[in-house]
Amino acid sequence: MKKFALSLALLGSTALAQEAVQPEETTAVAQNSSVTATSYMVSAANPIAAQVGRDILAAGGSAADAAVAVQIMLNLVEPQSSGIGGGAFLLYWDASENKLLTLDGREKAPLAATPEYWFGPDGEPVGWWDAVVGGRSVGVPGTLKLLEDMHRDHGITPWADLFTATIDLAEEGFEISPRLADAIAGAQDRKLDIFEPTKSYFFDEAGTPKTAGTLLKNPEFAKTLRDIAANGSEPFYHGEIGAALIEATQTDVNPGILTSEDLAAYTVVDRSPVCQEYRGLDVCGMGPPTSGGLTVGQILGMLENFDLGDAPSAEAWHLYAEAAKLAYADRGLYMADSDFVDMPKGLLNDGYLKQRAGLIDPTTAMEKAEPGTPPWDEAHLWSPDTQLERPGTSHFVIVDAMGDMVSMTTTIETGFGSRVMTGGFLLNNELTDFSRAPEADGKPIANRVEGGKRPRSSMAPTIVMSDGEPMLLIGSPGGSRIINYVAKSLVAIIDWNMDPQDAIDLGHVVNRNGATDLEEGTDALAYQATLEAKGHEVSVRNLNSGLHAILIKDGQLIGAADPRREGVALGD
């Protein structure tokens, strides 16, 4: 039991455990403009990854082909955010079938895990940072299997060809970007240097974080990718890569319990889209185990009952924040992996959302919203979970020349995941997205740990449909704030007819059923006085999203990338 809990003393200070949820700060803001194209487009969080996706599309590849290439390159050049050591949710529009698919590649808990998984030696739930570092926080990764399944059904370019660019760059080396350098430096006091080979990869021999412009080579990742390029996911889930992964989770602090059986049992789930009508459009997203699609849908479903005007205003943001409070209250009580938890069928019921909207006073803010009682007989069985996942995540969107489309949110949970590295890639800390307490007030928490269960997420990859055809692809990283980032941008584009880049650039207004956060240094601060006068507790803070979008309008593809990161939109 002595190895189970990682002490706060080891992590550096008690202040670390109390730090803000967001591990990545916006350190520079780019001046981006919308990019237009007529044939194909990709928008992703790193220019190298966006370029490799564009190259695949230019050569006649499908959106599925480009998605594989983009994700694998992001694993190399943006390792802190996503990769084959993590999980993902994907929306795929199949133009030939006129069908929207939603694929669940979320990580899973070990089969042997129990609701007491996060109890420490004292029989109490451990703190969040006590749980993060080490193999115990690692869930069974799903991203690689998701990519393989998607490519099997929708790929055109040979699988092996999609890895060539990343293999070459891993061997030749790439220059560390300013954002990655800032992330490495910022994570040093969060124990990024506690394990090998992570320490040697991100720090020099003196233990100093590697800086922007440093050439970073990753021959181990190149080796891993060669094996996957030749043999698919087999060596990962049934072979040598998987065996090394399991061995890597046996860390000196917080060792994991993953087994070869856990890896072999992993499957991607084809789930039904979650769609909410809003202003005559269908806003479609991913259902549980992510709360993203449902919670975005609830916010919009409540706002459907109000006129938000034709431009941003303090009055509109007040209504938005109140709707978000109510939606997050339901999220905390009901939402979890629906393969394990019976969920209310009526969370997006028109009558229920109208009743919830009736609780919003246009003149006065509510202090804290309580969960509602949607049409469902078992609503009283659950206890709320306020666990907020951290934003070690990325999002990209792709449209190919044949009309197939991808909106994919991909993650290793917090920045740099569990700090455990194997085969040149980082492993997730996704199991900290579960509630660390299995019950409260004598009632079970829906998002408690269970063997084989997928932890709740806020990831919200979205495709908006108009008359049965896609008109907008969007999504973002940002932990539990993803829901707000996506919903805010949808309101800006749909209600206020904003260009997608202008909508993304718009200062964030966020509420997760508490204080209303306004993004520092942005136009959002203009609303502070009015919101406070209405009773909002306002917090001004750094809010680091990574929104990427493609709007399809008048025969054009209009792409946008979040200026808070380093992404670009490219097309032709």
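Residues numbered from 1 in each chain as written. Predicted model: local features only at pLDDT ≥ 70, side-chain atom pairs only at ≥ 80, totals over all residues. Heavy atoms only, no water.

A. Molecular detail of the pattern of salt bridges. Applying the stated criterion to the full structure yields 20 salt bridges. Close ionic contact of Asp104 with Arg271 constitutes a salt bridge, the shortest N to O distance being 2.8 Å. Taken together, the residues Asp104 in strand β4 (residues 99-105) and Arg271 in strand β7 (residues 269-271) connect sequence positions 167 residues apart. Like Asp104, the residue Arg271 is buried in the burial classification. What emerges from the salt-bridge pattern is a single network uniting Asp104, Arg271, Asp339 and Arg454. (Salt bridge = Lys/Arg side-chain N within 4 Å of Asp/Glu carboxyl O. Helix = DSSP H or I, 4+ residues; strand = E, 2+ residues; numbered from the N terminus. Buried < 20%, exposed > 50% of the residue type's maximum accessible area, 1.4 Å probe, protein only.)

B. How the structure looks around helix α4 (residues 63-77). An ideal rise of 1.5 Å per residue puts 21 Å on 15 residues; α4 measures up with 21 Å between its terminal C-alpha atoms. Taken across its 15 residues, α4 has 15 buried, putting it largely inside the fold. (Expected span 1.5 Å × (residues − 1).)

C. Spatial organisation of the confidence of the model for the chain. Overall, the prediction assigns the chain a mean pLDDT of 92, with 92% of residues at 70 or greater. Predicted confidence is poor over residues 1-21, with pLDDT under 50, and the contacts of this stretch with residues over four places away or in other chains come to 50 contacts. (pLDDT = per-residue confidence, 0-100. Contact = heavy atoms within 4.5 Å.)

D. Looking closely at the sheet that holds strand β23 (residues 568-571). Read from one edge of the open sheet, 7 strands run β7-β4-β3-β11-β10-β2-β23, paired in antiparallel fashion. Strand pairing shows two members of the sheet lacking a second neighbour, β7 and β23, which therefore form its edges. Across the sheet, the mean angle from the axis of one strand to that of its neighbour is 15°, orientation sign disregarded. In this fold helix α6 (residues 143-154) packs onto β3 (87-94), β4 and β11 (405-413), with an angle of close to 15° to the strand it touches most, β3. (Pairing = 2+ DSSP bridges. Axes fitted to C-alpha atoms, helices over the stretch in contact; angles between N-to-C directions.)

E. Representation of helix α10 (residues 219-231) in the model. Taking 1.5 Å as the rise per residue, α10 with 13 residues should run 18 Å; its terminal C-alpha atoms sit 18 Å apart, in good agreement. Among the residues of α10, those classed as buried are Phe221, Ala222, Thr224, Leu225, Ile228 and Ala229. One side of α10 carries all its buried residues, which in axial view fall inside an arc of 160°. Of the exposed residues in α10, the ones pointing more than 90 degrees away from its buried face are Pro219, Lys223 and Ala230. Where α10 is buried, its residues contact α4, α6, α7 (164-172), α12 (240-248) and β13 (425-426). The first or second residue beyond α10 is Gly232, which carries a positive phi of 70°. (Arc of directions from axis to C-beta.)

F. The arrangement of the sheet that holds strand β9 (residues 281-285) in detail. As summarised here, the arrangement of the 7 strands in space is β1-β22-β21-β17-β16-β9-β8, forming an open sheet in which the pairing is antiparallel. Whereas interior strands pair on both sides, the edge strands pair on one side only; in this sheet they are β1 (35-37) and β8 (274-278). Each strand axis lies, on average, 25° off the axis of its neighbour in the sheet, ignoring direction. In this structure, β1 lies alongside strand β22 (residues 556-561), joined through 3 bridges in antiparallel fashion. Each bridged residue has a counterpart across the sheet, and for Ala37 the counterpart in β22 is Leu557. Packing against the sheet, helix α14 (residues 292-303) makes contact with β8 and β9, and its axis sits at approximately 15° to β8. Lying on the sheet, helix α17 (residues 482-494) is in contact with β8, β9, β16 (462-466) and β17 (469-475); it crosses β17 at an angle near 140°.

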